[in-house]
Amino acid sequence: MLTAELTRALNSVEVAPLAGRVLRVLIAGGHHDDLFNTIVSSADRYLADHYAELRELFEGESPRWVPDSVYRLVFDRLHARLRQRLAAMAADPNDETRRQFEAWIAGLPDRLETDPELRERGERLKRDVLSSPALRDWSSSLWQQAKDALRAQAADPDSELRRRMADALVAAGRRLGSDDRLQEGLERMVESGARALANQFHDELADLVTGTIERWDAAETSSQLELLLGRDLQYIRINGTVVGAAVGLALHAIALALA
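All figures in this text were calculated on a predicted structure; none of them were measured in a lab.

### Thoughts on the packing of aromatic side chains
So, point 1. All told, the structure shown has 3 aromatic pairs when counted by the stated rule.
So, point 2. Measuring from centroid to centroid gives 5.3 Å for F36 and F101, while their planes differ by 45 degrees, and the two rings are tilted. You can see F36 sitting in helix α3 (residues 31-49) and its partner F101 sitting in helix α6 (residues 96-114), a full 65 residues away along the chain.
So, point 3. Taking relative accessible area as the criterion, F101 reaches 14% and is therefore assigned buried.
So, point 4. Relative to W104, the ring of F101 has its centre 6.1 Å away and its plane inclined at 40 degrees; by these criteria the two rings are tilted. Taken as a pair, F101 and W104 lie in helix α6 at a separation of 3 residues, close to a single helical turn.
So, point 5. For W104, a relative accessible area of 47% puts it in the partly exposed group.
So, point 6. Members of the aromatic cluster, joined through ring pairs, are F36, F101 and W104.

### Focus on the pattern of salt bridges
So, point 1. By the definition in use, this model includes 12 salt bridges.
So, point 2. As a salt-bridge pair, E160 and R164 come within 2.8 Å of each other at their nearest N and O atoms. You can see E160 and its partner R164 sitting in helix α9 (residues 160-178), 4 residues apart, about one turn around the helix.
So, point 3. A salt bridge links R195 to E191; the nearest nitrogen and oxygen atoms lie 3.0 Å apart. Separated by 4 residues within a single helix, R195 and E191 lie in helix α10 (residues 180-214), roughly one turn from each other.
So, point 4. Beyond isolated ion pairs, a larger network of salt bridges with shared partners links R24, D110 and E113.

### Some details on the confidence of the model for the protein chain
The predicted coordinates should not be examined in detail at positions where pLDDT is low.
So, point 1. Overall, the predicted model of the protein chain reaches an average pLDDT of 83, with 93% of residues at or above 70.
So, point 2. Here helix α1 (residues 2-11) is the element of the protein chain with the lowest mean pLDDT, 72, and α9 is the one with the highest, 89.

The rules behind these values
Residues numbered from 1 in each chain as written. Predicted model: local features only at pLDDT ≥ 70, side-chain atom pairs only at ≥ 80, totals over all residues. Heavy atoms only, no water. Phe/Tyr/Trp six-rings, centres within 6.5 Å; stacked < 30°, edge-to-face > 60°. Helix = DSSP H or I, 4+ residues; strand = E, 2+ residues; numbered from the N terminus. Buried < 20%, exposed > 50% of the residue type's maximum accessible area, 1.4 Å probe, protein only. Salt bridge = Lys/Arg side-chain N within 4 Å of Asp/Glu carboxyl O. pLDDT = per-residue confidence, 0-100.

See below:
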């Protein structure tokens with residue numbers, strides 16, 4: 001069910017226009033500068049962490065007749081210059097590369113919202129994500145984690161879940177006892193719900209009641225009447241006994257008088 005609901009919700013949203021709207025918000029808040037700095041710092045960190053790997057790759061592309069000391073010197077200088085350039089880009093708010101990135105990203109929301117090719121690529125990506133087993137596995141694990149957490153909280157008498165539910169119930173009870181408008185609204189809601197159920201399922205409810213009563217025997221019927229009538233039934237019994245005794249005594253007295 002969770003997977004189906006996630007799929008239905010995502011299917012109703014176009015990815016590219018949504019990304020364009022999100023990007024507008026990020027640009028308006030100045031967060032595109034943070035994005036540029038993140039890209040630059042990530043590139044610099046990659047150069048630093050993969051120095052040996054990049055040098056071997058550079059060595060493999062170099063001509064055989066170039067001495068090792070020469071290509072290593074060239075690579076080290078190229079590597080250092082690249083890192084220096086990245087550091088300068090990150091430090092200078094007026095750097096030309098930063099300005100070019102800002103111009104590119106400023107026009108990206110319009111393209112995401114209007115370009116048919118970008119919109120189709122976004123929908124294709126969405127379909128790939130929705131059809132992937134990873135989404136089903138993630139939704140299943142999410143539901144399992146939620147169930148495990150609820151079970152653990154429910155089993156703990158001092159859990160946060162129990163405290164919050166108790167506080168919420170107490171607060172709701174107090175408000176129901178003091179708020180006349182809330183009481184009237186709740187009564188209207190219950191009455192409306194009962195009417196809707198009765199109108200929609202009146203045949204099923206009638207069959208249920210009829211079938212249930214038909215299956216009762218005398219003992220069950222008496223028990224149900226006891227539960228339904230309660231003290232009123234006892235009053236009827238006592239009243240019937242007293243009235244019956246009074247009528248009997250009156251008839252007996254009349255018979256003695258006539259004799």
